[in-house]
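# Architecture and fold: a report
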Amino acid sequence: MDLELAHGAGAPRKSLGVVYGDVATSPLYVFKSAFAGDDITHTAGNEEIYGVLSFVFWTLTLISLLKYVLIVLRANDGGEGGTFALYSLICRHVRAGLLPGGGTSDDLMSDDKDAAARRGAVSRARTVLERYRVLQRLLLLFALLGTCMLIGDGVLTPALSVFSAVSGLELSMERAQHKYVGLPVTCAILICLFALQHYGTHRVGFIFAPIVCIWLLCISTIGLYNIIYWNHHVYRALSPYYMYQFLKKTQKGGWMSLGGILLCVTGSEAMYADLGHFSQRSIQIAFISVVYPALVLAYMGQAAYISQHHSFENSYHIGFYVSVPEKLRWPVLVIAILASVVGSQAIITGTFSIIKQCSALSCFPGVKIVHTSSTVHGQIYIPEINWILMILCLAVTIGFNNTKHLANAQGLAVITVMLVTTCLMSLVIVLVWNKSIFIALGFLIFFGSIEVMYFSASLVKFHEGAWVPITLSFIFMVVMYVWHYGTIKKYEFDVQNKVSVNWLLNLGPSLGIVRVRGIGLIHTELMSGIPAIFSHFVTNLPAFHQVLVFLCVKSVPVPHVEPEERFLVGRIGPKEYRLYRVIVRYGYRDVQQDDLEFEKDLINSIAEFIRSGGSDQNGFVEGSEKLSSISSGAIPLWEEDGDGEVDGPASPNKEINQQTVVPQRKQARFVLPKSAQVDAEVRSELQDLMDAREAGMSFILGHSHMKAKSGSSFVKRIVINFFYEFLRRNSRGPSYAANIPHASTLEVGMVYQV
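The rules behind these values
Sequence positions are assigned chain by chain, starting from 1 and proceeding in written order. Restriction of local features to residues with pLDDT of at least 70 applies here, the model being predicted, together with a cutoff of 80 or more for giving and counting side-chain atom pairs; totals for whole chains, interfaces and linings are based on all residues. By convention in this description, side-chain values take in all heavy atoms of the structure and omit both hydrogens and water. Each helix corresponds to a stretch of at least 4 residues labelled H or I by DSSP, and each strand to a stretch of at least 2 residues labelled E; elements are numbered beginning at the N terminus. Each residue's exposure class comes from its accessible area (1.4 Å probe, protein chains only) as a fraction of the maximum for that residue type: buried when under 20%, exposed when over 50%, partly exposed otherwise. We define a nonpolar core as any set of buried Ala, Val, Leu, Ile, Met, Phe, Trp, Tyr and Cys residues linked to one another through side-chain atoms lying within 4.5 Å. What makes a patch is a set of residues exposed beyond 30% relative accessible area and free of salt bridges, joined within 9 Å when like-charged and within 5 Å when nonpolar (Val, Leu, Ile, Met, Phe, Trp, Tyr). Values of accessible area rely on a 1.4 Å probe in the Shrake-Rupley scheme; residue burial ignores everything except the protein chains shown. Put simply, a salt bridge is a Lys or Arg side-chain nitrogen that is within 4 Å of an Asp or Glu carboxyl oxygen. Helix axes are fitted to C-alpha atoms over the stretch in contact, other axes to C-alpha atoms as well, and angles between N-to-C directions run from 0 to 180 degrees. Should an angle fall under 35 degrees it is taken as roughly parallel, and over 145 as roughly antiparallel, whereas 65 to 115 is taken as roughly perpendicular and any remaining angle as oblique. The handedness criterion is simple: a crossing whose near helix is rotated anticlockwise from the far helix by less than a right angle is left-handed, and one whose near helix is rotated clockwise is right-handed. In what follows, residue pairs with any heavy atoms lying within 4.5 Å of each other are defined as contacts. Think of it as three bins: nonpolar holds Ala, Val, Leu, Ile, Met, Phe, Trp, Tyr, Cys and Pro, charged holds Asp, Glu, Lys and Arg, and polar takes everything else, Gly as well. For Phe, Tyr and Trp, where Trp contributes only its six-membered ring, two rings pair if their centres lie within 6.5 Å, and the inter-plane angle classes them as stacked under 30 degrees, edge-to-face over 60, or tilted in between. Two thresholds decide whether a charge sits over a ring: the Lys NZ or Arg CZ must be within 6 Å of the ring centre and within 35 degrees of the ring normal. Here, a strand pair is defined by DSSP locating no fewer than two bridges between the strands. pLDDT is a per-residue confidence score from the predictor, ranging from 0 to 100. Distance and chemistry together define a polar contact, namely a pair of N or O atoms within 3.5 Å, with one atom able to donate a hydrogen and the other to accept it when in protein, and with adjacent residues in sequence counting only for side-chain atoms on both sides.

### Points about the overall build of the chain
Scanning the chain from N- to C-terminus turns up 27 helices and twelve strands. Looking at the 754 residues of the chain, the share that counts as buried comes to 57%.

Here it is in structure tokens:
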């Protein structure tokens, strides 16, 4: 409890260091981006600068504060945020998931008291979405689009933030010198930033929080100074009237400059994606009490200074550093560079979180996920993604070598993600929150109209850098959709080629082969039936284990699965066959156990299933297989070595058949409560399970190769034979496979004709 309280108390402070670094550094480049190019120019009448300030204030207030902090943060999926979390949240409440057996609402809502009420109040939108598969595909593509744009933002934000901070050197040294210093310094900082990621958000947040606090204090103090010293009437520009005046005077140029203005809300989506790292309340407190007031003062201060200065060398210099007093520029430059590194951290950690969600739901190839915190499981590090982001980030920085094109690129990525979030959020309001469809339409129309305006202004900059996020998103989207498509085809092949249980029953209790001592653990994606890999194995080898367990490890679209709901255990065929099915379910924020703990929990669950009578069905027929939810550890499993030492404290409980100590071999003993009534048949089955456990456990894994059927279309052959197989060979296997002892593993190869 003390640890939880300590973590909760420090959360707002640490969230400053990780979540808000991105949005806090936007004053570095918003005004510069708005006045970049020939779209608008700063004139003596100040209509342009006042109009930009008014747009910045209201965009920050409506999008960041109202939409994200007060509304969207409430739509977290068990504490997880991001566009894909919204998608999984919808799939949990509507049968809209495209991956068969991936888990929808009904398999994890048995303990939800108002689940029946929700099903009874199914809206027309829900019915339509469940009925038409084309709408489900469009929903998935839409979610993938937002996810890919967020990954693109993870490439562009570090480049723009750091490059904008370093660009302050041009006011402190000659332009000829800056040309040779700015780019190398930016690249060096970016390399250091990505090299720090393996330390984890917990440590990074602790280091970066003071930097962001100093930065916010710095920009708010300078802003307040500029307001008082240069133009204390600048607050009038906060009126929406100045937006109208701005568009009336600048017309098309003003509309095109909106692509730079919208950068004031960059980081809002990263804030939402970082929900897995910090709590909703801590993020809200930090934004409302500290970040938002500091940003408003910073933007007002810049506008106040610029409104009294009209003779810049060119409009490209209009920005943050010109409003900083000359004596403070070097200290502020150092703080700004450090703050830009923090700002980049926000989107990088958000990218890690959303890719983990996609990978857990079979929409992204397997990657190594490192949990960097022992207390907060949402804090992760993905090495492959980290280095890919670094390479792409350096490429766009060197390729563009200016903030104008980087700003255009980032603007389109940011606003696309926000549009996707708005659309998915309107569905959440209806399908998950069960609110009126008029409330959802109001949310969609109000925020959607604002974002469409900004989106159109960003899209016209396609040839000036906006093509980058579109290209990156297209590449990532192809990868994700090919992987998802291949996973579905593989699953469908397993379902169509599974072995009939009647075939198994005809083999008899011995299965037509020699049954040797031990437990055979057969991994399969099927939740029912006998996988084809089993028949492939028994027709080529003459022996199998005395106890067979068909194990299916499923990632379901919920953040966490409670321990008492993790194991589903059933029996295949009559009791004397000693065949069991175990389905183990993990949420996308759950940490899978190591092999020893998992093995113990698995055996305990089967033992409890046997003791409780299980699905007593000697007259077994195809399709009648029942699974029971078993809490692991219901029957304690004790292990002792050859010297007789017991792994656990003494217990007055009654033991089943004390085993003879055999040197150099671990022995397993189940301990039952005194009140337990165990008949001879159950005792015999438990004894067989203990004997098999002592003999050892073997893991049988399928090693499949996908190949398109003859006669398939050219596109399908390319997708399956080349793209999917390439991704499969170069991606990591299931996370449970990494914990399996190699000495006890047997791989069975099969070719899947799909």
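From this point, things continue past the structure.
### A word on the nonpolar core
Ranked by internal contacts, the top residues of the largest apolar core, which has 159 residues, are Y20, V52, F84, W215 and Y299. Counting 29 residues, the second-largest nonpolar core is a separate cluster that includes A532, F537, F550 and A708.

### Considering a nonpolar patch on the surface
A cluster of nonpolar side chains, V128, Y132, V134, L135 and L138, forms an exposed patch at the surface whose accessible area comes to about 420 Å². A per-element tally of the nonpolar patch places helix α8 (residues 133-166) first, with three residues. Structurally, the position occupied by Y132 is in the loop between α7 (124-131) and α8. Assessed through its relative accessible area of 42%, Y132 is described here as partly exposed.

### Looking at the packing of helix α5 (residues 83-93) against α8
Packing of α5 against α8 leaves a shortest axis separation of 8 Å and a crossing angle of 160°. Considering their axes alone, α5 and α8 lie roughly antiparallel with respect to each other. As α5 runs across α8, the sense of the crossing is left-handed. Each of T83, F84, Y87 and I90 in α5 lies in contact with α8, whose residues at this interface are L139, L140, A143, L144, G146 and T147. For the contact of α5 with α8, a count of residues per class yields seven nonpolar, three polar and no charged.

### Digging into the environment of H233
When you line up the elements, H233 lands in the loop between α10 (201-230) and α11 (241-250). H233 sits in the partly exposed class, given a relative accessible area of 35%. H233 sits 71 residues away from A304 along the chain, and the two C-alpha atoms are 8.2 Å apart.

### A word on the packing of aromatic side chains
A complete count under the given rule lists 17 aromatic pairs for this structure. Aromatic side chains F31 and Y299 sit 6.1 Å apart centroid to centroid with 65° between the ring planes, which places their arrangement in the edge-to-face category. On the criterion of sequence distance, the pair formed by F31 in helix α3 (residues 30-34) and Y299 in helix α15 (residues 280-307) is long-range, its members being 268 residues apart. A centroid spacing of 5.4 Å and a plane angle of 90° characterise the contact between W230 and Y305, whose relative ring orientation is edge-to-face. Note that W230 is positioned in helix α10 and Y305 in helix α15, a separation of 75 residues in sequence. Across from the ring centre of W433, 4.8 Å away, lies the NZ or CZ of R74, which sits over that ring.

### Some words on the sheet that holds strand β12 (residues 745-753)
Read across the sheet, seven strands follow the order β7-β5-β6-β4-β3-β11-β12 without closing on themselves; strand pairing throughout is mixed. Each having just a single partner strand, β7 (627-630) and β12 make up the two edges of the open sheet. Neighbour-to-neighbour, the strand axes of this sheet turn through a mean angle of 25°, independent of strand direction. Summarising the sheet, strand β5 (residues 567-571) and strand β6 (residues 579-587) pair through five bridges and their orientation is antiparallel. Bridge pairing links V569 to V582 in β6. Strands in contact with helix α20 (residues 467-496) are β4 (543-556), β11 (697-707) and β12; relative to β12, the strand with the most contacts, it is inclined by about 100°.

### Points about the confidence of the model for the chain
The predicted model of the chain averages 77 in pLDDT, with 77% of residues at 70 or higher. Of the regions scoring below 50 in pLDDT, residues 101-122 engages in 35 contacts with residues more than four places distant in sequence or in other chains. Across residues 615-623 the pLDDT falls below 50, and counting only partners more than four positions away or on other chains, this stretch makes 18 contacts in the model.

### Observations regarding the environment of H536
Residue placement: H536 occurs in helix α22 (residues 532-538). Once residues lying within four places of it in the same chain are set aside, the contact partners of H536 are V748, G749 and M750.

### Details of the packing of α8 against helix α18 (residues 403-431)
It is at 8 Å that the axes of α8 and α18 come closest, and there the two elements cross at 145°. For the element pair α8 and α18, the recorded crossing hand is left-handed. Here the contact of α8 with α18 is built from residues that sort into 20 nonpolar, six polar and one charged.

### Points about the pairing of β6
Within β6, nine of the nine residues are buried, leaving the element largely enclosed by the surrounding structure. On β6, burial covers both faces: L579, R581, I583, R585 and G587 on one face and Y580, V582, V584 and Y586 on the other are all buried. For β4 and β6, the ladder comprises nine bridges, and the chain directions are parallel. Following the sheet pairing, F550 is matched in β6 by R581.

### As for the side chain of T250
Position of T250 among the secondary structure elements: in helix α11. There is a polar contact of 2.6 Å between the side chain of T250 and the backbone oxygen of F246. Setting aside chain neighbours within four positions, we find T250 in contact with I40 and E48.

### What about the pattern of salt bridges?
Pairing is possible between side chains that carry opposite charge, provided their charged atoms lie close to one another. Evaluation of the coordinates by the stated rule reveals ten salt bridges. Here E492 makes a salt bridge to K489, at a shortest N to O gap of 3.7 Å. Within this pair, E492 and its partner K489 are both found in helix α20, separated by three residues, close to a single helical turn. Looking at K489, the relative accessible area reads 22%, which means it is partly exposed. A salt bridge links R571 to E685, with the nearest nitrogen and oxygen atoms 2.5 Å apart. In this pair, R571 is assigned in strand β5 and E685 in helix α25 (residues 680-695), connecting sequence segments 114 residues apart. The buried category is assigned to R571, whose relative accessible area is 2%.

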